[in-house]
Structure formats: structure tokens, C-alpha cells
Amino acid sequence: MRPVLVYTASRIVLFVVTLGVLRLLGLQNPLVLILAAFLVSGIASYVLLSKQRDAVSQRISDKIDRPESQDD
């Protein structure tokens, strides 16, 4: 569960930081600001958060490959 939380928290922080930077750069329209922050943070997370994304992928793959035993 930890890799998923780390990745999600990292994405949220990256979005908020991007939102703040774009606001400081002069974007005033809230809709444009949110859309631009979403786009820029998505691209940045693709590059910057590859290790975390791989850890989440591995965790999910392990869960799928190793089904829990069912007690009848």
C-alpha cells in the first residue's frame, strides 16, 4: 500500500506546486489555470515520478499474480 500512497501524494504535491507557479506567472482565469496545471503536472510526473510509478506497477502486478488463499 505504501508505494500507492507515495505516488498519489507525489502527484498531488506536484499538481499544487505547478498550480502555484502558474499562478505566480500570471494565469488569472481559474479554469485555464487548473487545466494548464493539470497538463503540465501530468507531463512532469511522467518524467519525474517514473520510479514511483514502477513501484506501484510492481505492487499491483504482485497482487494480481499472487491471489489470496480462500478459506472455505
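If you're wondering where the values come from, they're calculated on a predicted model, not measured in any experiment.

Novice: Where do I start with helix α1 (residues 2–24) in this structure?
Specialist: Residues that lie three or four places apart on an α-helix share one face, since the helix turns once every 3.6 residues. Over its 23 residues, α1 runs 33 Å from end to end, which matches the ideal 33 Å to within 8%, given 1.5 Å per residue. Among all positions of α1, only Tyr7, Leu14, Thr18 and Leu22 are buried. On its buried side, α1 packs onto α2 (30–48) and α3 (50–65). A positive backbone phi angle near 115° is found at Gly26, which sits one or two residues after α1.

Novice: Quick question: what am I supposed to make of the environment of Met1 here?
Specialist: Inspection of the secondary structure puts Met1 in the segment before α1. Among the residues examined, Met1 registers a relative accessible area of 57% and is labelled exposed. Remark: the alpha-carbon pair of Met1 and Arg59, spanning 58 residues in sequence, is separated by 8.0 Å.

Novice: Please explain the confidence of the model for the chain as it appears in this structure.
Specialist: Do not read the fine detail of predicted coordinates wherever pLDDT is low. Confidence along the chain averages 89 in pLDDT terms, with 92% of residues attaining 70 or more. Within the chain, the element-level pLDDT minimum falls on α3, averaging 86, and the maximum on α2, averaging 95.

Novice: What should I look at first to understand the packing of α2 against α3 in this one?
Specialist: Two quantities define a packed helix pair, namely the angle between the helix axes and the distance between the axes. Where α2 contacts α3, the axes come no closer than 5 Å and their chain directions differ by 75°. It follows that α2 is roughly perpendicular to α3 by the angle criterion. Where α2 abuts α3, its residues Ser45, Tyr46, Val47 and Leu48 lie against Ser50, Gln52 and Arg53. Of the residues assigned to the contact of α2 with α3, the class counts are 3 nonpolar, 3 polar and 1 charged.

Novice: What exactly am I supposed to notice about the packing of α1 against α2 here?
Specialist: Where α1 contacts α2, the two axes come as close as 8 Å, and the packing angle between them is 130°. Here α2 runs oblique to α1, going by the angle between their axes. Once α1 is placed against α2, the crossing between them reads as right-handed. Two secondary-structure elements touch here, α1 through Arg11, Leu14, Phe15, Thr18, Leu19, Leu22 and Arg23 and α2 through Leu33, Ile34, Ala36, Ala37, Phe38, Val40, Ser41, Gly42, Ala44, Ser45 and Leu48. Residues of the contact of α1 with α2, tallied by class, amount to 12 nonpolar, 4 polar and 2 charged.

Novice: Teacher, can you tell me more about the side chain of Ser45 here?
Specialist: Turning to its location among the elements, Ser45 is positioned in helix α2. Ignoring any residue separated from it by four or fewer positions in sequence, one finds Ser45 in contact with Arg11, Leu14, Ser50 and Arg53.

Rules and cut-offs
- Residues numbered from 1 in each chain as written.
- Predicted model: local features only at pLDDT ≥ 70, side-chain atom pairs only at ≥ 80, totals over all residues.
- Heavy atoms only, no water.
- Helix = DSSP H or I, 4+ residues; strand = E, 2+ residues; numbered from the N terminus.
- Expected span 1.5 Å × (residues − 1).
- Buried < 20%, exposed > 50% of the residue type's maximum accessible area, 1.4 Å probe, protein only.
- Contact = heavy atoms within 4.5 Å.
- pLDDT = per-residue confidence, 0-100.
- Axes fitted to C-alpha atoms, helices over the stretch in contact; angles between N-to-C directions.
- Parallel < 35°, antiparallel > 145°, perpendicular 65-115°, else oblique.
- Nonpolar A, V, L, I, M, F, W, Y, C, P; charged D, E, K, R; others polar.
- Left-handed = near helix turned anticlockwise from the far one by under 90°.

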